[in-house]
Structures are given as C-alpha cells and as structure tokens.
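Residue strings, one per chain:
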Amino acid sequence: MLADFRKFALRGNVIDLAIGVIIGAAFSKIVNSLVSDVIMPIIGASPGGLDFSNYYFPLTTAIHDHPAYADAKKAGAVLGYGQFLTVAINFLIIAFILFLVVREISKLELTGLKKEEPALTKSEVLLTEIRDLLAKR
C-alpha cells in the first residue's frame, strides 16, 4: 500500500496540482490586495465615501453609539451585512478578472493552433498525385 501511495504521490499530475495550489495561494494574496487596497476604495469612494465593511445590525442592546464593526463584534452579537457585501463584491471582481484572464489565454491558445501549413512545393504535389494514382490501382 505504501508503494502504491508513493507511485500516486509522485505522478506528474499530483505534483503539478501541488505546484498550482501553492502558486494559487501566493497569487490570491496579490489579488486580495489589489481588490481590497485598490479597487474597493474606488468603489467605496464613488457613492460618497462609503465603507461597506462597517455596515451592520446590532443584535444585542450592549452595542451603543454605532462603533466600528470590529468593536461592535467585541461588544456583542452583530449581523455584519456590510462585511458580506464587501466579500461578495470582492468575489465578483476576482471572478471577472479570472474570466478575462482565461478568455485571453484561450485566444492565445487558439491563435497558436491556427498556424497554416506551408504550401506544398511542386515536387510534393507531383509525389502526392503519384501516390494517389498508385493507391487507385
């Protein structure tokens, strides 16, 4: 059983998957920073400087004077719909960016496959005709 596991773990697909997961984890930090530090402030500033992450409904009476979301969570139960909106918008932005990346990669792969074969030389055309005549006999 150990030998089978070793064979499975050392197959190319598993190693490729592991590398993909590691690179994906590193790339997710870059994408999260792009979305949370660059794109979300622009989206938040567009309707008048809104910060969605601090929108919540207090579920206990222990929360007074509308503190920041993190402070309200420490004081009692809150329904953080603003945080959910922020995460949902982040997801939509990331999904759209990945869609654009995959679409461009697909275009590159298709253009790479559309390489036209060079035209046949006269001798190749003649040899093809001879081959076809011999095949008919």
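Parameters at a glance
- Residues numbered from 1 in each chain as written.
- Predicted model: local features only at pLDDT ≥ 70, side-chain atom pairs only at ≥ 80, totals over all residues.
- Heavy atoms only, no water.
- Helix = DSSP H or I, 4+ residues; strand = E, 2+ residues; numbered from the N terminus.
- Rg over C-alpha atoms; globule rule 2.2 N^0.38 Å.
- Contact = heavy atoms within 4.5 Å.
- Phe/Tyr/Trp six-rings, centres within 6.5 Å; stacked < 30°, edge-to-face > 60°.
- Buried < 20%, exposed > 50% of the residue type's maximum accessible area, 1.4 Å probe, protein only.
- Salt bridge = Lys/Arg side-chain N within 4 Å of Asp/Glu carboxyl O.
- Patch = residues over 30% accessible without salt bridge, like charges linked within 9 Å, V, L, I, M, F, W, Y side chains within 5 Å.
- Areas by Shrake-Rupley, 256 points an atom, 1.4 Å probe, with all protein chains shown as cover.
- pLDDT = per-residue confidence, 0-100.

> Help me understand the overall build of the protein chain, please; the structure alone is not making it clear to me.
Broken down by element type, the protein chain carries five helices and two strands. Counting from the amino terminus, the protein chain carries its helices and strands in the arrangement α-α-β-α-β-α-α. At 29 Å, the protein chain has a C-alpha radius of gyration far larger than the 14 Å of a compact globule built from 137 residues. Across its three principal axes, the protein chain shows a C-alpha extent of roughly 95 × 55 × 25 Å. Expressed as a percentage of contacts within the protein chain between residues at least 6 apart in sequence, the contacts between residues at least 24 apart total 45%.

> I tried to follow the packing of aromatic side chains on my own but got confused; where do I start?
Centre-to-centre distance and the angle between the planes together describe a pair of aromatic rings. According to the stated counting rule, one finds three aromatic pairs in the structure shown. Plain terms: the ring middles of Y55 and Y81 are 6.0 Å apart, the flat faces sit at 45° to each other, and that makes the pair tilted. Of this pair, Y55 sits in the loop between α2 (12–45) and β1 (57–58) while Y81 sits in helix α4 (residues 81–113); the two residues are 26 residues apart in sequence, bridging distant segments of the chain. Of the residues examined, Y55 reaches a relative accessible area of 28% and is grouped as partly exposed. Residue classification places Y81 among the partly exposed positions, given a relative accessible area of 33%.

> I'm lost on the pattern of salt bridges in this one. Help?
Close approach of charged atoms lets side chains of opposite charge pair. For the structure on display, the rule yields two salt bridges. Note that K107 is salt-bridged to E104, the shortest N-O span being 3.6 Å. Linking K107 with E104, this pair stays in helix α4, spanning three residues, or about one helical turn. Residue E104 is classed as partly exposed on the basis of its relative accessible area of 39%. A salt bridge links D132 to R131, with the shortest nitrogen-to-oxygen separation between them at 3.2 Å. Accessibility expressed as a relative area gives 36% for D132, which makes it partly exposed.

> Which parts of the structure should I look at to understand a nonpolar patch on the surface?
Side chains of F57, L59, L79, Y81, F84 and L85 sit close together on the surface and give an oily, nonpolar patch of about 610 Å² of accessible area. In terms of residue count, the dominant contributor to the nonpolar patch is α4 (three residues).

> What is the right way to look at the environment of F91 in this model?
Tracing the backbone through its elements, the reader meets F91 in helix α4. With a relative accessible area of 57%, F91 lands in the exposed category. Between the alpha carbons of F91 and K73 there is a distance of 23 Å; along the sequence they are 18 residues apart.

> Would you take a moment to explain the confidence of the model for the protein chain for this structure?
When pLDDT drops low, the exact placement of atoms in the prediction is not to be read closely. Predicted confidence across the protein chain gives a mean pLDDT of 79, with 91% of residues reaching 70 or more. Mean pLDDT in the protein chain bottoms out at helix α1 (residues 2–9), which sits at 76, and peaks at helix α5 (residues 122–136), which reaches 90.

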